[in-house]
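Chain and residue survey
Chain by chain, the residues run as shown.
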Amino acid sequence: RNFYAEISQAAANEERLLAILIDPDKFNEVEAATYLKKIPKETTHILVGGSTVEKFKTEKTVKAIKTETNLPVILFPGDYSQITETADALLFLSLLSGRNPEYLIEQQVKSVGKLKHSKLEIIPTAYILIDGGKECAVQRVSGTKPISQSALETVVNTALAGEFSGKRLIYLEAGSGAVIPVSEEIITEVKKAVSIPLVVGGGIRSLTQQENAYRAGADMIVMGTQFENL
Ligand code: 1GP
């Protein structure tokens with residue numbers, strides 16, 4: 001299976017992809033089955049990752065999820081230490097909204113030891129942090145500033161710089177628990193500009209917010225917080 005090809009094909013067919021984000025830090029493996037029963041039936045992918053996760057916890061989480069579902073499990077690591085072979089694919093993130101070399105290239109170099117002999121599918125991803133109305137974990141951990149929602153041209157140019165650098169996905173992130181999700185205007189303009197699939201997450205809770213993001217052009221929506229306390 002090629003997970004990127006599937007995402008890309010779904011995006012081309014204007015299918016709506018829904019990824020549920022599990023933060024291993026807040027996840028109890030024993031309750032994996034119960035948790036998976038409560039996520040929407042429209043769910044197409046499980047993302048696993050967090051900003052601060054203790055050693056081996058990601059691996060335990062992925063294993064527990066995989067025993068309960070056949071949905072693809074994609075890593076969304078806040079740190080290279082979270083990379084585990086037990087997942088299907090990896091969002092190989094570069095935090096392009098920031099100017100911290102640690103998250104532009106250093107983490108990527110550190111991850112090579114784990115990746116060079118691995119079968120994990122690697123999906124180069126332009127990760128773009130947009131101001132979600134409050135300081136989020138990505139900001140805190142990376143020590144970078146998000147792009148303002150009003151700086152439309154900067155967001156579009158950052159996404160295009162990502163595509164020109166060979167990224168295969170654009171991920172517009174308002175931050176977990178964002179007060180204001182990425183605006184429809186930003187989604188629409190980025191979607192118009194790029195030709196690779198567009199992922200949008202952060203602060204999306206209601207069906208209306210989901211619908212708005214899809215209609216604006218999101219190919220995949222990521223929801224985490226909404227399903228954390230089921
Ligand atoms: C965070 O985009 C994801 O990385 C999901 O955000 O937890 O606000 O749904 P929420």
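Our subject is the structure listed above.
Presented here is an overview of the structure given in this document. Note that the coordinates shown come from a computational prediction; the quantities given were computed from them, not determined experimentally.

The number of helices and strands found in the protein is eight helices and eight strands. Counting only contacts in the protein whose residues sit at least 6 apart along the sequence, the fraction spanning at least 24 positions is 71%. When the accessible surface of the protein is split by element, carbon and sulfur atoms take 51% of a total near 10,900 Å². Averaging the positions of the 25 positive and the 28 negative side-chain charges in the protein gives two centres separated by 3 Å.

A full pass over the atoms with the stated rule returns four aromatic pairs. Ring geometry for Phe-27 against Tyr-35: centres 5.4 Å apart, planes inclined by 85°, an arrangement best described as edge-to-face. The burial state of Phe-27 is the same as that of Tyr-35; both residues are buried. Ring-pair connections join several aromatic residues into one group, and the members of that group are Phe-76, Tyr-127 and Tyr-171.

Turning to the pattern of salt bridges, a few remarks are in order. Evaluation of the coordinates by the stated rule reveals 13 salt bridges. Linking Glu-211 and Arg-16 is a salt bridge whose minimum nitrogen-to-oxygen distance equals 2.9 Å. Taken as a pair, Glu-211 in helix H8 (residues 207–216) and Arg-16 in the loop between helix H1 (3–12) and strand S1 (17–22) lie far apart in primary sequence, 195 residues in all. With relative accessibility at 41%, the residue Arg-16 sits in the partly exposed group. Note that Glu-211 is salt-bridged to Arg-215, the shortest N-O span being 3.5 Å. Remark: Arg-215 and Glu-211 occur in helix H8; sequence separation between them is four residues, near one turn of the helix. By relative accessible area, Glu-211 is classed as partly exposed at 29%. The class of Arg-215 is exposed, set by a relative accessible area of 59%.

Attention now moves to the site of the ligand. Neighbouring the ligand are 14 residues, the closest being Glu-173, Ser-176, Gly-177, Gly-203 and Thr-225. One of the side-chain nitrogen or oxygen atoms of Glu-173 is found 2.4 Å away from an oxygen atom of the ligand. One of the side-chain N or O atoms of Ser-176 is found 2.7 Å from an oxygen atom in the ligand. When isolated, the ligand has an accessible area of 310 Å², and the protein chains bury 96% of it. Taken together, the residues of the shell around the ligand sort by class into five nonpolar, eight polar and one charged.

Its identity as a non-glycine residue notwithstanding, Glu-14 has a phi of 55°, on the positive side. Inspection of the secondary structure puts Glu-14 in the loop between H1 and S1. For Glu-14, a relative accessible area of 70% puts it in the exposed group. Positioned with a positive phi, Phe-56 is a non-glycine residue whose angle comes to about 70°.

Attention now moves to the side chain of Lys-57. Position of Lys-57 relative to the elements: it lies in helix H3 (residues 57–68). Within the structure, Lys-57 has its side chain in polar contact with the backbone oxygen of Phe-27 (distance 2.6 Å). Among residues more than four places away in sequence, those in contact with Lys-57 are Pro-24, Phe-27 and Glu-29.

In spatial order, the strands read S1-S2-S3-S4-S5-S6-S7-S8; together these eight strands close into a barrel with parallel pairing. On average, each strand axis in the sheet is inclined to that of its neighbour by 30°, with strand direction left out of account. In the sheet, S1 pairs with strand S8 (residues 220–223) via four bridges, with the strands oriented parallel. Looking across to S8, one finds that Ile-20 is bridged to Met-223. Against the sheet, H1 engages S1, strand S2 (45–48), strand S3 (73–75), strand S4 (89–95), strand S5 (121–129), strand S6 (169–173) and S8, with an angle of about 55° to S5.

Burial in H8 covers these residues: Gln-210, Ala-213, Tyr-214 and Ala-216. Down the axis of H8, the smallest arc covering the buried residues is 165°, so these residues share one side. Opposite the packed face of H8, turned more than 90 degrees from it, sit the exposed residues Leu-207, Thr-208 and Arg-215. Next to the buried residues of H8 lie S1, helix H7 (184–193) and S8. Directly beyond the C-terminal end of H8, a positive phi value near 130° is found at Gly-217.

Basis of the calculations
- Residues numbered from 1 in each chain as written.
- Predicted model: local features only at pLDDT ≥ 70, side-chain atom pairs only at ≥ 80, totals over all residues.
- Heavy atoms only, no water.
- Helix = DSSP H or I, 4+ residues; strand = E, 2+ residues; numbered from the N terminus.
- Contact = heavy atoms within 4.5 Å.
- Areas by Shrake-Rupley, 256 points an atom, 1.4 Å probe, with all protein chains shown as cover.
- Lys, Arg positive; Asp, Glu negative; His and termini not counted.
- Charge placed at Lys NZ, Arg CZ, Asp CG, Glu CD.
- Phe/Tyr/Trp six-rings, centres within 6.5 Å; stacked < 30°, edge-to-face > 60°.
- Buried < 20%, exposed > 50% of the residue type's maximum accessible area, 1.4 Å probe, protein only.
- Salt bridge = Lys/Arg side-chain N within 4 Å of Asp/Glu carboxyl O.
- Near = heavy atom within 4 Å.
- Polar contact = N/O pair within 3.5 Å; in protein donor to acceptor, adjacent residues only side chain to side chain.
- Nonpolar A, V, L, I, M, F, W, Y, C, P; charged D, E, K, R; others polar.
- Pairing = 2+ DSSP bridges.
- Axes fitted to C-alpha atoms, helices over the stretch in contact; angles between N-to-C directions.
- Arc of directions from axis to C-beta.

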